[in-house]
Amino acid sequence: MSRLIVATSNAHKVQEIREILCPLGIEVLSAKEAGGMPDVVEDGNTFEENAIKKALAGARAFGCAVMADDSGLEVKALNGEPGIYSARYAGEGGNDGRNLAKLLKNLEGVTDRSARFVCAIAVANGDGTLRGTVCGECRGKIAAAAFGTGGFGYDPAFIPDGYDKTFGELPAEVKNALSHRGNALKAAVEKLFGEER
């Protein structure tokens, strides 16, 4: 089995990525398990720019292939917010609960609740060069309240197209098959992970 380091400190993301990549023969290590991720200021203007910054910083620190993702939720009625600020929507020091509460408050009385999750993945080589990037998305709508205890972030309020339950209510294997991260990882496996398989 080949090995890939994921440049994130988010344990939920690492678990989700493991569930998708391990069956394909790719062992996933978190940056923490590999010795700790260097601090990276996520000041890019797009998910892709932030993913590239993290992947390159990780590859230079670890000297091996590193994958990074940057992802978030874009809500049509909020002009694409929270977007690249999804993890910090309620302000610095915010958390999943406060971010979700702010989103639901900002959508009170709004009828068009269409939204999409977006995930950009960048893979960097051990020599610090960029191998490439891919993107994935999942379209759906925001529920009137949070439902379910599965997933993380905005999952309890996001209902994917074609379903009547949120990602917080759906089983993990269903979410992984539909999600923005799942779609981006499938594209990454096809286009970027040839050397690891």
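Our structure's up above, just so we're on the same page.
K.L.:
Where do I start with the layout of surface pockets in this structure?
P.N.:
Rolled over the atoms, a probe with the dimensions of a water molecule shows which regions are left empty. For the largest pocket, the calculated volume is near 880 Å³. In terms of lining residues, the largest pocket is bounded by 36 residues, among which Thr8, Asn10, Lys13, Glu42 and Ala87 are the most central. Elements supplying a minimum of two residues to the lining of the largest pocket: α1 (11-21), β3 (66-75), α3 (96-106) and α5 (180-191). Across the lining of the largest pocket, the residue classes tally to ten nonpolar, 14 polar and twelve charged. Computed from the structure, the second largest pocket encloses a volume of approximately 160 Å³. If you go around the second largest pocket, you meet 13 residues; those closest to its centre are Glu16, Glu19, Gly151, Ala172 and Lys175. Those elements that place two or more of their residues in the lining of the second largest pocket are α1 and α4 (172-178). Counting residues per element, the lining of the second largest pocket draws most heavily on α1, which supplies four residues. Considering only residue class, the lining of the second largest pocket consists of five nonpolar, five polar and three charged.

K.L.:
When you look at the pairing of strand β1 (residues 2-6) in this model, what are you seeing that I'm missing?
P.N.:
Counting buried positions over the five residues of β1 gives four, a clear majority of the element. As defined by bridge partners, β1 adjoins strand β2 (residues 26-30) across five bridges and the pair is classed as parallel. Each residue of the ladder has a partner; that of valine 6, found in β2, is serine 30. In this fold, β1 hands off to α1, which returns the chain to β2; that crossover is right-handed. Note that β1 and β3 share two bridges and pair parallel.

Cut-off values and rules
Residues numbered from 1 in each chain as written. Predicted model: local features only at pLDDT ≥ 70, side-chain atom pairs only at ≥ 80, totals over all residues. Heavy atoms only, no water. 1 Å grid on protein atoms, 1.4 Å probe; cavity = no way out; pocket = protein on both sides within 12 Å on 5 of 7 lines; lining within 4 Å. Points joined across faces, edges and corners; volume = space filled by probe spheres on them. Helix = DSSP H or I, 4+ residues; strand = E, 2+ residues; numbered from the N terminus. Nonpolar A, V, L, I, M, F, W, Y, C, P; charged D, E, K, R; others polar. Buried < 20%, exposed > 50% of the residue type's maximum accessible area, 1.4 Å probe, protein only. Pairing = 2+ DSSP bridges. Right-handed = clockwise from strand over helix to strand, strands pointing away.

Fair warning: the whole summary comes from geometry, so function is off the table for now.
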